[in-house]
Each structure stands twice: as structure tokens, then as C-alpha cells.
Amino acid sequence: PFTLTETKEFLLEKGFVLSDYEIAETYMTMGGIPFYLNQLDPSFSLNTNIDNIFFKKKGPLWDEYGRLYDTLFGKESVYKDLVSLLASSRYGLRKKEIFAKLGTANNGHGSNVLQSLIDSGFVKQEIHNGVRKDKVYYLSDFYTLFYFKFVKDNQGKNENFWSNSIENPSRRNWLGLSFELLCKMHISEIKKALGISGVNADIYSLTKKGDDETKGCQIDLVIDRRDGVATLIEMKFSRVEFLIDKEYFLNLNNKIEVFSKLNPKK
């Protein structure tokens, strides 16, 4: 797949005039897959394009989900069952949780299925809450996430679904979560922008439940550097500049405080 920058260049060459917001939304829908991007028609708006491609009866990607997974992995249902499970898990699942929820033994075959999805780019793993020996697995294919969120239950029912859902809270929520994945898929670019490309680092999200002594928190992204410095990143996807008010400022300070107690760093 193209990177976000390559996707932007591709769309410009096709004659699209899109904002950076719309380019990112396109990427979060199609994942930078050239075949998918080629279905876009610059004579239509982005919303109309998505309706025509995904929600119109017999559109170009009408039956892409079944065709894609059957072509790559055969008819064995465990592959689809696994990605369906991960599609509903925002923060991912540990291996034992995956197989427990699937009702499948954590054996060689199950591990091979998971590894095949990792090798083909549909699933990624990261360390869990900063513990290197503890891994969590999450769905990393944008198209599949988009399919489960919107396409699966809307195919053919409303051919203008996307154009009519601009202010839908479900769509705004999807944009926020997908943007977090977009950032994770471009860690090298983020590190370069921060001027820390050459520093090795563990990359992970952190979720801490509250207790009697400490408030809970969720940190979108931690760049836990080997030089003893940690960078905590909040990810916000907004058409306008995001303003930090007093409440949000206190929330950020709480996240820094919680992280500092768990993992003393600069």
C-alpha cells in the first residue's frame, strides 16, 4: 500500500482537489491500496465516490471483503472470525484472549492463522502497556475496519449512506479511532518530525484503570525511547484547530502523572 504522502501525490495526479483532512479520510477508508484508489472518480466528491464504490448496489468494492479473504486465505472461516473479533476490540487483544473468545485452542494451527494475518499486514502486534514480554494484537487493515464499521450492515440498503452520515456520531467516532491507527502506521514519519529518527524506541498505547490512589487514564501513543526519554502523544482528528481548555489540560496533566508513576522517565 501507499503511504499517506504517496496517496496524496496519487490523488493529486488523478486531478482531485482535496484538503489534507479529506486525504486522510480517504486513506482511512481504503488504506492506500492502489486498486481501491483507482476506483475514485475526480468528477465526484469524496463522499459520493465512497457511496458509489462501497454502498451502491454492485459497486466496485461491493463484495470485496469475501473475495479478498477467500482469495488470500481460502474458505477456512477462522481467518474471518479472527479479524471480526479484532474489529470489535479497540485496544486489541492478547493471544490467549483471542483464542478464548474464538473458542479455539491456542495451538500451532491457531498461531499460524494469527501469524499469517500479521505477515500479510492485516494484523499488527505491539507490547502491552510497555511490558515487552506481553503482546497485544490489533486489526491494522483500514478497509476491513471500514467494512465492519459501516459496509457490512449497510450494503444496498442506502446507496447514499456516506453522503448522509457526515454529522453522524458513529462516523466521527470512527474517524478518531482510525486516525489513531493512521498515526501508528506512520511512526517513522512521526519520529522524523520530532527529530528522533535515530533513537530506538518501544511504541505502544497505555491504558491504566483507576484505583483508590490514582485516577485511570488512556494514552493514545507512547514513544518510549531507549535514551531514557518518553514522548506521550494525544491524537485528535479535527477539521479545525483543536483547542485545549482547562478540563482537557487537567486531563493531560493526569496522564503525565499516571505515566510517571508507572514508568519514571524524563
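Just above sits the structure.
Residues numbered from 1 in each chain as written. Predicted model: local features only at pLDDT ≥ 70, side-chain atom pairs only at ≥ 80, totals over all residues. Heavy atoms only, no water.

Draft legend 1. Spatial organisation of the nonpolar core. By size, the foremost hydrophobic cluster in this structure holds 64 residues, and its most contacted members are Met28, Phe54, Phe55, Leu117, Val123 and Phe146. The greatest single-element share of this core, amounting to 8 residues, is contributed by helix α9 (residues 142-151). When near neighbours in sequence (up to four residues on either side) are disregarded, phenylalanine 146 contacts Thr29, Ile50, Phe54, Phe55, Val151, Trp162 and Trp174. With 9 residues, the next largest nonpolar core counts Ile127, Val222, Val258 and Phe259 among its residues. (Core = buried A, V, L, I, M, F, W, Y, C linked by side-chain atoms within 4.5 Å. Buried < 20%, exposed > 50% of the residue type's maximum accessible area, 1.4 Å probe, protein only. Helix = DSSP H or I, 4+ residues; strand = E, 2+ residues; numbered from the N terminus. Contact = heavy atoms within 4.5 Å.)

Draft legend 2. Quick look at the packing of α9 against helix α10 (residues 169-184). Between α9 and α10, whose axes approach to 12 Å, the crossing angle comes to 165°. Considered as vectors, α9 and α10 are oriented roughly antiparallel to each other. Crossing of α9 against α10: the hand is right-handed. Touching Phe142, Leu145, Phe146, Lys149 and Phe150 of α9 are Ser170, Arg171, Asn173, Trp174, Ser178, Leu181 and Leu182, all from α10. Across the contact of α9 with α10, the residue classes break down as 7 nonpolar, 3 polar and 2 charged. (Axes fitted to C-alpha atoms, helices over the stretch in contact; angles between N-to-C directions. Parallel < 35°, antiparallel > 145°, perpendicular 65-115°, else oblique. Left-handed = near helix turned anticlockwise from the far one by under 90°. Nonpolar A, V, L, I, M, F, W, Y, C, P; charged D, E, K, R; others polar.)

Draft legend 3. Summary view of the packing of helix α6 (residues 77-87) against helix α8 (residues 108-119). The N-to-C vectors of α6 and α8 enclose an angle of 65°; their axes lie 10 Å apart at closest approach. In this view, α6 runs roughly perpendicular relative to α8, as classed from their interaxial angle. Helix-helix and strand crossings are classified by hand; for α6 and α8 the assignment is right-handed. Taking contact as the criterion, the partners of Val78, Tyr79, Leu82 and Val83 in α6 are, on α8, His109, Val113, Leu114, Ser116 and Leu117. Here the contact of α6 with α8 is composed, by residue class, of 7 nonpolar, 2 polar and no charged.

Draft legend 4. The pattern of salt bridges, seen in detail. As enumerated under the stated definition, the model contains 17 salt bridges in all. Among the ionic pairs, glutamate 126 bridges to lysine 184, the shortest N-O distance being 3.1 Å. With glutamate 126 in strand β1 (residues 123-128) and lysine 184 in helix α10, the pair connects residues that are 58 residues apart, well separated along the chain. The residues glutamate 126 and lysine 184 share a single accessibility class, namely buried. Across the pair aspartate 202 and arginine 226 runs a salt bridge, and its minimum N-O distance is 3.2 Å. With aspartate 202 in strand β3 (residues 201-208) and arginine 226 in the loop between β4 (217-225) and β5 (230-233), this residue pair connects regions lying 24 residues apart in the sequence. Note on aspartate 202: relative accessible area 12%, which makes it buried. (Salt bridge = Lys/Arg side-chain N within 4 Å of Asp/Glu carboxyl O.)

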